[in-house]
Amino acid sequence: MTELIKELLTAYGMERYCDKADAFNVLLSDLFSVNESMNLTAITEPRDAIIRHVIDSLTVADKIPAGAEVIDVGCGGGFPTLPLAIARPDLVFTALDSTAKKLTFVDAMARKLSLNVTTLAKRAEEIPECRERFDICVSRAVARMNLLVELCLPQVKVGGRLIAMKAQSGEEELKEALGGIEKLGGKVISADAFTLPDAGERYLITVEKISPTPVAYPRPWGKIKKKPLI
Ligand code: SAM
């Protein structure tokens, strides 16, 4: 699969990561074999997995400043954390998920590939120890934007950023989330729509933290879901 990974990285304008193709190959090969006994991904066709897991994760790599401390909220089987940690060894990752079982794979990969990744098996709305601690928060496929901001923005330092990885619905979701973003101390600084060929529309929303999140947030999940911030 290494040659196919190099070919696709080049086709998607990411040839600068071709020297990491062996590590991406180990990641996907282990993902497929662990996936036989633990449900980590529905995408098991190699070309599709390279595009939707590796290349999609790498679309945010250039948005993260050198040496940043990054939290991935709802990393699941390690996306985007693991491809980013392979591509950007200068970054320090905390991979958070409420499902401890999925993190055993992330931990195993971090050890096998010597990645700068620590896992945390907790819910994002229950991590006071992480409050205002991170330069960057990334999150893919976890919750609608108006809910996601309350899980993510409290963990970001003032001056830091949330990068929400959304699909086509992102534009609509962002409109619903604007009130909450302001209440949580954030300000939208960019929203980039683009097509990831053979994977679909993407919408990357970057929110800068411009003031501390009020102590009332995050609320318990039941309240976040029942009454999203407006
Ligand atoms: N980000 C990964 C990806 O794109 O492949 C996984 C996406 S999966 C659809 C959503 C993940 O978010 C699940 O693993 C789930 O356990 C996690 N999750 C949902 N709500 C969460 C919360 N409040 N705190 C931590 N993790 C959460």
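Presented here is a report on the structure given in the accompanying data block. Note that the structure is a prediction, hence the values are computed from the model and not measured. Numbers given for residues are sequential positions, taken from 1 along each chain in its written order. Local features in a predicted model are, by the rule used here, given only for residues with pLDDT of at least 70; side-chain atom pairs are given and counted only at 80 or more, and totals for whole chains, interfaces and linings are based on all residues. Excluded from the side-chain calculations are hydrogens and water; all other atoms, namely the structure's heavy atoms, are used.

Observations concerning helix H6 (residues 145-152)
As a reminder of what qualifies: Burial here depends on accessible area, computed with a 1.4 Å probe over protein chains only, as a share of the maximum for the residue type. Under 20% is buried, over 50% is exposed, and the range in between is partly exposed. In this description a helix means any DSSP run of H or I spanning at least four residues, a strand means any run of E spanning at least two, and both kinds are numbered starting from the N terminus.
Across the eight residues of H6, eight count as buried, placing the element largely inside the fold. Every buried residue of H6 is listed here: Met145, Asn146, Leu147, Leu148, Val149, Glu150, Leu151 and Cys152.

A closer look at unusual backbone geometry
Between Phe79 and the following residue, Pro80, the backbone shows a cis peptide bond with an omega angle of 15°. Relative to the elements of secondary structure, Pro80 occurs in the loop between strand E1 (69-73) and helix H4 (81-87). Each neighbour pair has its own omega, and for Tyr217 with Pro218 the value is 5°, a cis peptide bond. Mapped onto the elements, Pro218 comes out in the loop between strand E7 (200-209) and helix H8 (221-226). Its identity is not glycine, yet Ser114 carries a phi of approximately 50°, on the positive side.

Description of the side chain of Glu173
The cut-off we apply is this: By the criterion applied in these results, polar contacts are pairs of N or O atoms within 3.5 Å in which, for protein atoms, one can donate a hydrogen and the other can accept it, and in which residues neighboring in sequence qualify only through two side-chain atoms. Note on contacts: a residue pair is in contact if any heavy atoms of the two residues lie within 4.5 Å.
Residue position: Glu173 is located in helix H7 (residues 170-183). A distance of 2.8 Å separates the side chain of Glu173 from the backbone nitrogen of Met145, its partner in a polar contact. When residues no more than four places from it in sequence are discounted, the contact partners of Glu173 are Ala143, Arg144, Met145 and Lys166.

A closer look at the pattern of salt bridges
What counts here: The salt bridge criterion pairs a side-chain nitrogen of Lys or Arg with a carboxyl oxygen of Asp or Glu, the two atoms within 4 Å.
Tallied over the entire structure, the rule returns 19 salt bridges. With a closest N to O distance of 2.9 Å, Lys157 and Asp135 form a salt bridge. Of this pair, Lys157 sits in strand E5 (residues 156-166) while Asp135 sits in strand E4 (residues 134-140), and the two are 22 residues apart along the sequence. Under the relative-accessibility criterion, Lys157 is labelled partly exposed at 33%. Put simply, Asp56, Arg140 and Arg202 are held in one network by salt bridges that share partners.

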